[in-house]
Each structure stands twice: as structure tokens, then as C-alpha cells.
Amino acid sequence: QKEVEQDPGPLSVPEGAIVSLNCTYSNSAFQYFMWYRQYSRKGPELLMYTYSSGNKEDGRFTAQVDKSSKYISLFIRDSQPSDSATYLCAMTTNAGNNRKLIWGLGTSLAVNP
Amino acid sequence: EADIYQTPRYLVIGTGKKITLECSQTMGHDKMYWYQQDPGMELHLIHYSYGVNSTEKGDLSSESTVSRIRTEHFPLTLESARPSHTSQYLCASSLTGPQYFGPGTRLTVT
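Residues numbered from 1 in each chain as written. Chains lettered and ligands numbered in written order. Predicted model: local features only at pLDDT ≥ 70, side-chain atom pairs only at ≥ 80, totals over all residues. Heavy atoms only, no water.

Draft legend 1. Just the pairing of strand E1 (residues 4-7) of chain B, in detail. Residue and element names in this part refer to chain B. Alternating residues of E1 divide into Ile4 and Gln6, all buried, and Tyr5 and Thr7, none buried. Bridge count between E1 and strand E3 (residues 19-25): 4 bridges; the pairing is antiparallel. Across the sheet, isoleucine 4 pairs through a bridge with glutamine 25, a residue of E3. (Buried < 20%, exposed > 50% of the residue type's maximum accessible area, 1.4 Å probe, protein only. Helix = DSSP H or I, 4+ residues; strand = E, 2+ residues; numbered from the N terminus. Pairing = 2+ DSSP bridges.)

Draft legend 2. Looking closely at the state of the cysteines. In this structure the tally under the stated criterion is 2 disulfides over all chains. Two residues, Cys23(A) and Cys89(A), share a disulfide whose sulfurs are 2.0 Å apart. Its torsion about the S-S bond being -100°, the disulfide of Cys23(A) and Cys89(A) is classed as left-handed. Linking Cys23(A) in strand E3 (residues 19-25) with Cys89(A) in strand E9 (residues 85-93), this pair joins segments that are 66 residues apart in sequence. Overall, the relative accessible area of 0% leaves Cys23(A) in the buried class. Cys23(B) shares a disulfide with Cys91(B); S-S distance 1.9 Å. Measuring the twist about the S-S bond at about -75°, one finds the Cys23(B)-Cys91(B) disulfide to be left-handed. Pair noted here: Cys23(B) is in strand E3 and Cys91(B) is in strand E9 (residues 87-94), with a separation of 68 residues, a long-range link. (Disulfide = S-S within 2.5 Å.)

Draft legend 3. Representation of unusual backbone geometry in the model. At the junction of Gly9(A) and Pro10(A), the peptide bond is cis and its omega measures out at 10° in the coordinates. Note that Pro10(A) resides in the loop between strand E1 (4-5) and strand E2 (11-14). The omega angle of the peptide bond from Thr7(B) to Pro8(B) is -5°, so this bond is cis rather than trans. As for its placement among the helices and strands, Pro8(B) is situated in the loop between E1 and strand E2 (10-13). Residue Ser52(A) is not a glycine yet carries a positive backbone phi of 60°.

Draft legend 4. Here's a closer look at the nonpolar core. In this structure, Trp35(A), Ile72(A), Leu74(A), Tyr87(A) and Met91(A) are the most contacted members of the largest nonpolar core, which totals 23 residues. Of all elements in the fold, only E3, strand E4 (30-38), strand E5 (45-51), strand E7 (61-66), strand E8 (71-76), E9 and strand E11 (107-112) of chain A reach the threshold of two or more residues within this core. Among all residues touching Met91(A), those that are not within four sequence positions of it are Val4(A), Tyr25(A), Phe30(A), Tyr32(A), Phe33(A), Met34(A), Ile72(A), Lys100(A), Leu101(A) and Ile102(A). Core analysis: the second largest hydrophobic core is formed by 17 residues, Ile19(B), Leu76(B), Leu78(B) and Leu107(B) among them. (Core = buried A, V, L, I, M, F, W, Y, C linked by side-chain atoms within 4.5 Å. Contact = heavy atoms within 4.5 Å.)

Draft legend 5. Broad picture of the sheet that holds E1(A). Residues and elements named next belong to chain A. With antiparallel pairing, 5 strands are arranged side by side in an open sheet as E1-E3-E8-E7-E6. If you trace the sheet from one side to the other, it starts and ends with E1 and strand E6 (54-58), each paired once. Sheet analysis places E6 next to E7, joined by 5 bridges and oriented antiparallel. The residue of E7 that forms the bridge with asparagine 55 is glutamine 64.

This is the structure we're talking about:
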């Protein structure tokens, strides 16, 4: 079983919909949680970065971390066709100098006009 | 905004050639990483460095090698390219938090 599980989709929604993307994890030592967006044939782009539990909002994006359930979510409000991409979750422990990230497989999202 | 650069962006090369993929960052990040990613597939860490003169192999075995002589520079070398090396190679760097990625090099070995 992988340390981080993410449904690869694909997920297809109409423009304007609220999108919910999720990852579950097994390592309770994870403290730092990230969401990246990756367009086809490009490098991943950092969207959201949260430490420990709680919510963080940035424009149309909201990241949630529920450490008790080992579950993180990314919500996209008023989704746009330009949001069509693969979304990857990543996380790491607070283990000193170790900054290797553990990655989800990524969820492919298509927002249809 | 991250400033991390990779060259070349695209490379088509014949079997047996030696190649070096360049990665540079201007943010003073001490940690740098190389990932390999096939189209539509997951990221695989192949090399990382936590500072000058420090390099480690990643989770995916790779025939490539890396060096870290300067903080800002982390080149990846393939001594003898093979068709199985065809993939996208992504470089990233970090300081205390998340990793920031370059645009990638798409390598095709014929």
C-alpha cells in the first residue's frame, strides 16, 4: 500500500462547478502538505502549502487538512477551463533536514466550457 | 515566484551519446532534486542533494549521475543514452518548505 493515495480520475466537470480533490495518507508523522498543478508537458506548479491541520484559502482555492482522519482536500470554486490539469498532492514529515516529498499519483481534471 | 531553469527544453539524441541536462536556480536554495516522469505517470525521484558536494540516489534506480559543485547548479549526466532513457526530466529546489520545479527537459533517445 502506498503512503499517499490519490484517485487518478479522470474527473470531468462543467465550468463554474465546485471541484473537490482528495488525498489520504498513512504516515501520521506528515506535517507539511502541498498541492501542485501540472499542465501537460510542464513542470508542477505549487498551488497551496499548509503546515499541520486546518484550512488555507487563496482566491478560488481552499486547502484543508484533517490529520485525525489522515485526509487532505483541495477545493476549487467557480472552476474554469484553464483549471484543466493534473493536480498532485505531496507531503513530508518535520524530520530535520529531510525534505523528500511523498507524492500522490495525481488527479486529472477537465473543466468543460 | 520560483526561478529555476532547465536546458535544453527538448533533446533528441542517438543511442550511445553522452548527455548532460542542466539545472540552475537563483534563489539560494540548498536542496535540489531530479525527478523522472513519463507522460501521464507519477513523479519518480532519481537524485537529490542537500548541499554542495552532497548527492544521494533517489527512490527510482537510474543510470544517470549528478554533481553539486555550486549551490545554484545541479547537472544530470547520462554517459551512454539508451531508448529506455526517453522521458521527461524535472529539476526542483527547496529551502525550508515546498519544492519549486523547473519547466523540464523532454529527452528522446532514438
